[in-house]
Amino acid sequence: MNSPYPYFRLIALIVAMGCAFSTILEAQNATIIARKAQQAYQKGDFNGAVKTYEQLMAKGYNDPGLYFNLGNACFQAGQSGKAVLYYEKALALTPNDEAVLENLEQVRSGLSDQIDQSMAPDWWDWLLQPQWLLRPNTWAILFALLVWLEMGFLLAWRRNPQIAWFPWVIRGTLTAAIVVLFGAALSFWNTYHNPTGIILNKETTLRIGPEQASPAIRTLHEGTKVAYLDKIGTWDKVRLSNGQEGWLEQKSTRHIN
């Protein structure tokens, strides 16, 4: 009797080749779509460029360059809310990109809502939300640097135990590392549990409660950034950058992360 294994190997090879061919076709298709979007942008068809770039998003592409180009196209098309959204998405992937930061600042300078920072959050809010001080990745990098410093100081102390101030430096560095680790943990946790978003409606109302009959707090416009705190039905409880809290209809905003 002939062994069935060669047939299984042949089937597996055919399936693998089919998957590889499908991946290649998908990549080529994405390249074609990106080229069409770029051509539309260069021709001044900014709305067409936005729609074409969003086709790539619909296919699951999550790339800072894609979000940056989408932000540029939305800005040129007069879609300020979407421009802020996509620039923020790009920054979530590349926090220190100067081009994105510069373009985002330019868009924000023209927004209707220039949120007053005089009502800044209280000190305990800053403690519980350390991502307002540093981004989560920055906390993690700072912790890693402190750990390396601690290891270096320990090694130096073992080689020179007669130096009296080394133990104090080691204790101080260890304490700083623990504090930074705590800040990193809180920042990652809060970023995950309290995501942020952008208002896309031209105009919407921040209300005291999660219903249309609830008294209005203020009117907000597209491009304003909010932090999500809670959700009831079709309403989100949000916080503005000045610490003001209220409820918005879910359809008026889009999540960044």
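Residues numbered from 1 in each chain as written. Predicted model: local features only at pLDDT ≥ 70, side-chain atom pairs only at ≥ 80, totals over all residues. Heavy atoms only, no water.

(A) Spatial organisation of the overall build of the chain. The secondary structure content of the chain amounts to 8 helices and 7 strands. Expressed as a percentage of the 257 residues in the chain, the buried residues total 33%. Across the chain, contacts joining residues at least 24 apart in sequence account for 56% of those joining residues at least 6 apart. Entry remark: accessible area of the chain is about 15800 Å², with carbon and sulfur atoms responsible for 61%. (Helix = DSSP H or I, 4+ residues; strand = E, 2+ residues; numbered from the N terminus. Buried < 20%, exposed > 50% of the residue type's maximum accessible area, 1.4 Å probe, protein only. Contact = heavy atoms within 4.5 Å. Areas by Shrake-Rupley, 256 points an atom, 1.4 Å probe, with all protein chains shown as cover.)

(B) Up close: the side chain of Thr253. Relative to the helices and strands, Thr253 resides in strand 7 (residues 253-255). At a separation of 2.8 Å, a polar atom in the side chain of Thr253 contacts the side chain of Tyr228. Setting aside anything within four residues of it in sequence, one finds Thr253 in contact with Ile198, Ile199, Leu200, Tyr228, Asp236 and Leu248. (Polar contact = N/O pair within 3.5 Å; in protein donor to acceptor, adjacent residues only side chain to side chain.)

(C) Geometry of the packing of aromatic side chains. Tallying each qualifying case throughout the model produces 3 aromatic pairs. Measuring from ring centre to ring centre gives 5.2 Å for Tyr41 and Phe46, while their planes differ by 70°; the resulting arrangement is edge-to-face. Looking at Phe46, the relative accessible area reads 21%, which means it is partly exposed. Between the NZ or CZ atom of Arg171 and the centre of the ring of Trp168, over which it lies, the distance is 5.2 Å. (Phe/Tyr/Trp six-rings, centres within 6.5 Å; stacked < 30°, edge-to-face > 60°. Lys NZ or Arg CZ within 6 Å of the ring centre and 35° of its normal.)

(D) Quick peek at the nonpolar core. Judged by nonpolar contacts, the single largest core of 26 residues is most densely connected at Tyr53 and Leu70. Elements with a minimum of two residues in this core: helix 1 (5-42), helix 2 (46-58), helix 3 (64-76), helix 4 (80-93) and helix 5 (98-109). By residue number, the principal contributor to this core is helix 4, which donates 7 residues. Ignoring anything within four residues of it in the chain, the contact list for Leu70 reads Val50, Tyr53, Glu54, Met57 and Tyr86. (Core = buried A, V, L, I, M, F, W, Y, C linked by side-chain atoms within 4.5 Å.)

(E) Layout of helix 4. Here helix 4 is 14 residues long and its end C-alpha atoms lie 20 Å apart, about the 20 Å a rise of 1.5 Å per residue gives. Within helix 4, 10 of the 14 residues are buried, which leaves the element mostly enclosed by the surrounding structure. Those residues of helix 4 that sit buried are Gly81, Ala83, Val84, Leu85, Tyr86, Tyr87, Glu88, Lys89, Ala90 and Leu91. Where helix 4 is buried, its residues meet helix 2, helix 3, helix 5, strand 1 (196-199), strand 4 (225-232) and strand 7. (Expected span 1.5 Å × (residues − 1).)

(F) Expanded view of the pattern of salt bridges. Using the criterion set out here, one finds 6 salt bridges in the structure. Between Glu54 and Lys82 there is a salt bridge, and its shortest N-O distance comes to 3.0 Å. Separated by 28 residues along the polypeptide, Glu54 in helix 2 and Lys82 in helix 4 bring together distant segments of the chain. Measuring nitrogen to oxygen at the nearest pair gives 2.1 Å for the salt bridge that ties Glu88 to Arg108. Placement of Glu88 in helix 4 and of Arg108 in helix 5 is noted, with a sequence separation of 20 residues between them. By relative accessible area, Glu88 is classed as buried at 5%. When salt bridges with common partners are traced through the structure, they connect Glu88, Arg108 and Lys225 into a single cluster. (Salt bridge = Lys/Arg side-chain N within 4 Å of Asp/Glu carboxyl O.)

(G) Local environment of the packing of helix 4 against helix 5. Where helix 4 contacts helix 5, the axes come no closer than 10 Å and their chain directions differ by 155°. With respect to helix 5, the element helix 4 is oriented roughly antiparallel. Relative to helix 5, helix 4 is oriented so that their crossing is left-handed. The segment helix 4 lies against helix 5, with Ser80, Ala83, Val84, Tyr87, Glu88, Ala90 and Leu91 engaging Val100, Leu101, Asn103, Leu104, Val107 and Arg108. (Axes fitted to C-alpha atoms, helices over the stretch in contact; angles between N-to-C directions. Parallel < 35°, antiparallel > 145°, perpendicular 65-115°, else oblique. Left-handed = near helix turned anticlockwise from the far one by under 90°.)

(H) Region of the structure containing a nonpolar patch on the surface. On the surface, a nonpolar cluster with roughly 270 Å² of combined accessible area is contributed by Ile141, Leu142 and Leu145. With respect to the helices, strands and loops of the structure, Leu145 is situated in helix 7 (residues 136-159). (Patch = residues over 30% accessible without salt bridge, like charges linked within 9 Å, V, L, I, M, F, W, Y side chains within 5 Å.)

(I) Local environment of the environment of Gly172. Along the chain, Gly172 falls in helix 8 (residues 166-193). With 22 residues separating them along the chain, Gly172 and Glu150 place their C-alpha atoms 9.2 Å apart.

(J) Representation of the confidence of the model for the chain within the structure. In the predicted model, the chain carries a mean pLDDT of 80, and the fraction of residues at 70 or more is 78%. Within the model, the stretch residues 20-25 combines pLDDT values under 50 with 0 contacts to residues more than four positions away or in other chains. Note on residues 117-132: pLDDT under 50 across the span, and 26 contacts to partners over four residues away in sequence or across chains. (pLDDT = per-residue confidence, 0-100.)

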